[in-house]
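Here's the letter readout for the chains.
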Amino acid sequence: MNYDLILKGGKLIDPLGTGSVRADLGIRDGKIAALADEIGGSQGAEIYDAGGLYILPGLIDAHVHFRDPGLTYKEDFASGSAAAAYGGITLAADMPNTLPPTAGAAELREKARIAGEKSYTDFSLFALLSAGNIEEQEGLLREGALGFKVFLGSSVGNIAAPGAGPLLEQMKRAAALGVRIAFHAEDNELNEHFTRLCRGISGGDPALLSKARPAVSEAEAVARAIRFAEYSGAAIHICHVSARESLSLIREAKRRAVPVSAETCPHYLFLDASDYPRLGTRMKVYPPIREAEDREALWRGIADGTIDMIATDHAPHTAEEKDRPLWEALSGIAGVETSAPLMLSAVNRGLLSLNSYARLASLAPARIWGLYPRKGGFAIGGDADFTIVDMNRAGLIRGAELHSQHRTSPYEGFETSAAVAAVILRGRFIMKNGVLTGSAGYGHLVCPERPRDTPANLRGRSVL
Ligand code: DOR
Ligand code: ZN
Ligand code: ZN
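Basis of the calculations
- Residues numbered from 1 in each chain as written.
- Chains lettered and ligands numbered in written order.
- Predicted model: local features only at pLDDT ≥ 70, side-chain atom pairs only at ≥ 80, totals over all residues.
- Heavy atoms only, no water.
- Helix = DSSP H or I, 4+ residues; strand = E, 2+ residues; numbered from the N terminus.
- Rg over C-alpha atoms; globule rule 2.2 N^0.38 Å.
- Buried < 20%, exposed > 50% of the residue type's maximum accessible area, 1.4 Å probe, protein only.
- Contact = heavy atoms within 4.5 Å.
- Areas by Shrake-Rupley, 256 points an atom, 1.4 Å probe, with all protein chains shown as cover.
- Lys, Arg positive; Asp, Glu negative; His and termini not counted.
- Charge placed at Lys NZ, Arg CZ, Asp CG, Glu CD.
- Near = heavy atom within 4 Å.
- Polar contact = N/O pair within 3.5 Å; in protein donor to acceptor, adjacent residues only side chain to side chain.
- 1 Å grid on protein atoms, 1.4 Å probe; cavity = no way out; pocket = protein on both sides within 12 Å on 5 of 7 lines; lining within 4 Å.
- Sits in = over half its atoms within 2 Å of the grid points.
- Nonpolar A, V, L, I, M, F, W, Y, C, P; charged D, E, K, R; others polar.
- Donors = N, O, S within 2.8 Å, 3.2 Å for Na, K, Ca; no water.
- Axes fitted to C-alpha atoms, helices over the stretch in contact; angles between N-to-C directions.
- Parallel < 35°, antiparallel > 145°, perpendicular 65-115°, else oblique.
- Left-handed = near helix turned anticlockwise from the far one by under 90°.
- Core = buried A, V, L, I, M, F, W, Y, C linked by side-chain atoms within 4.5 Å.
- Pairing = 2+ DSSP bridges.

**What about the overall build of the protein chain?**
Of the regular secondary structure elements, the protein chain holds 14 helices and 19 strands. What you see for the protein chain is a C-alpha radius of gyration of 21 Å, in line with the 23 Å of a compact globule of 464 residues. Overall, the protein chain is about 70 × 55 × 45 Å in size when its C-alpha atoms are taken along their principal axes. Counting only residues that meet the buried cut, the protein chain has 61% of its 464 residues in that class. Residue pairs at least 24 apart in sequence account for 75% of intrachain contacts in the protein chain once pairs closer than 6 positions are excluded. Element-wise, carbon and sulfur atoms account for 50% of the exposed surface of the protein chain, whose accessible area totals about 17,200 Å². Within the protein chain, the 55 negative side-chain charges are centred at a point lying 2 Å from the centre of the 50 positive side-chain charges.

So this is what it looks like as structure tokens:
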């Protein structure tokens, strides 16, 4: 059999297995065509020697803000996806708080067009659910939305949180359409109240950020999302879990078989409140980074399966926007390029296995967002997306060397003990040994498989 590319001698990491399996991979037409102990020479095939390296299914970052269209002075699909490729990511899912917000079919189509011209990686697009756009759900899905996103706490973009009534109505409709809803789970009223109190305290201590948007604000919103999921039947996903209180709620809900999934981000796993004096607004993000107890609880949540996935919430801003006084500085941390080196280094420190990491950063996002088995594993016939890692390559994080437009990293000076060696997307190297080898516009829009037709009883009507 002929292949275009053969990866020889790598150690494959099965996200659901333990340890690694030494095997060759044969790739043809961008798909995985063979997986065997040994694949013999095939005429014309490019051979990549993966000896000594581990091969993971391509990493999926299911939560990024690439700021395109409308805020491209911060980032755009080219810079964001290039940084993602350097970081080992083969698919990034973009959030809808752009300008205009991705709230209707036309906006989604336009964003897909822009990303299609600029993206180095594959991409998927979340669509906004707000109080005003219930009639847009079907059109958004027709255009290929990955899932829906609700901002319960307002954040960058000032998207108003839907009240309880419109939210429940939206969730019932989404349940009927079989679409999962991602939540930015913070309670607006609590945030506004305590932010007002904190702003009255002089001195601008950055540790006030987690008092201005307290853990109870996240827990309150998580509880509402879970209750409404139970009532409406909609599947939900809790983005960027930061507080131990939320973990208990999610753990309990999973026990009751509520269809809830959860993600956390590297900044909640590698930073805590003790870093505020050193990092100030560099680590300003919503929801805020909390106490060491929360960080430790999140690692336990990873170990016991309460946390399903790692996403970055890559939220770039300009240096000037980050360097403002505490309350004026914009919230958000760039993360697509540093996530894998940080998490792989955590593997080397024994905090999780490489298999668990492959599950958290590839299989789980693919499954939860409906892209599996095309993405997220080693299925024959699936896309040949791989992240090849060297678990013995030391590195040092330097903001100035990152490829996002946002280069002020809270991880400046962090030493890493493992690195991404190469990234393959649909059979082509998009990054090799620290050099971007892919091209802008190679990335595809990736849509979940779902039934094409809306049930007749739903067409054009709201769900009561
Ligand atoms: O800190 C944040 N920044 N939190 C969010 O939810 C949005 C994000 C952004 O878009 O900048
Ligand atoms: Zn958010
Ligand atoms: Zn976000």
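There is more to say after this.
**Some remarks on the site of ligand 1**
Inspection of the region around ligand 1 gives 13 residues, with Arg67, Asn97, His184, Tyr286 and Ser331 positioned closest. Arg67 places a side-chain nitrogen or oxygen 2.7 Å from an oxygen atom of ligand 1. With the chains in place, 100% of the 290 Å² that ligand 1 exposes on its own is no longer accessible. Its atoms largely coinciding with the cavity grid, ligand 1 occupies the largest cavity. In terms of residue class, the shell around ligand 1 is made up of four nonpolar, eight polar and one charged.

**Points about the coordination of the zinc ion (ligand 2)**
Around the zinc ion (ligand 2), the donor atoms from the protein are His184 (ND1) and His240 (NE2), and they sit 2.0 to 2.1 Å away. Residue His184 is classed as buried on the basis of its relative accessible area, which comes to 3%. What makes His240 buried here is its relative accessible area of 1%.

**Side note on the coordination of the zinc ion (ligand 3)**
Around a metal, the ideal angle is 109.5 degrees if four donors adopt a tetrahedral arrangement and 90 or 180 degrees if six donors adopt an octahedral arrangement. Around the zinc ion (ligand 3), the protein contributes the donor atoms His63 (NE2), His65 (NE2) and Asp313 (OD), at 2.0 to 2.1 Å from the metal centre. Taken as a pair, the zinc ion (ligand 3) and the zinc ion (ligand 2) show a spacing of 3.4 Å. You can see His65 sitting in the loop between strand E6 (59–64) and helix H1 (77–86) and its partner Asp313 sitting in the loop between strand E13 (309–310) and helix H12 (319–322), a full 248 residues away along the chain. Residue His65 is classed as buried on the basis of its relative accessible area of 6%. Judged by its relative accessible area of 5%, Asp313 is buried.

**Structural notes on the packing of H1 against helix H2 (residues 105–118)**
Running from N to C, H1 and H2 cross one another at 55 degrees; their axes reach a closest spacing of 9 Å. Of the possible angle classes, the one that applies to H1 and H2 is oblique. Where H1 crosses over H2, the two elements pack in a sense that is right-handed. From H1, Phe77, Ala78 and Ser81 reach across to H2, where they touch Lys111, Ile114, Ala115 and Lys118.

**Quick notes on the environment of Val260**
By the secondary structure assignment, Val260 is in strand E12 (residues 260–264). Judged by relative accessible area, Val260 falls into the buried class, the value being 7%. Separated by 78 residues in sequence, Val260 and Ala182 have C-alpha atoms that sit 9.6 Å apart. For Val260, the contacting residues outside a window of four places in its chain are Arg180, Ile236, Ile238, Ile250, Ala253, Lys254 and Asp308.

**Let's talk about the nonpolar core**
In this structure, Phe148, Met171, Ile181, Phe183, Ile236, Ile238 and Tyr357 are the most contacted members of the largest nonpolar core, which totals 100 residues. With 19 residues, the next largest nonpolar core counts Leu7, Ile27, Ile32 and Ala421 among its residues.

**Quick look at the sheet that holds strand E8 (residues 122–128)**
As summarised here, the arrangement of the eight strands in space is E6-E7-E8-E9-E10-E11-E12-E13, forming an open sheet in which the pairing is parallel. The outermost strands of the open sheet, each flanked by one partner alone, are E6 and E13. Of the pairings in the sheet, the one linking strand E7 (residues 89–94) to E8 comprises four bridges and is parallel in character. Note on E8: the bridge partner recorded for Leu91 is Asp122. The strands touched by helix H4 (residues 164–177) within the sheet are strand E9 (147–151), strand E10 (181–184) and strand E11 (236–238), with E10 carrying the most contacts at an inclination of about 150 degrees.

All quantities given are derived from atomic positions and should not be read as evidence of function.
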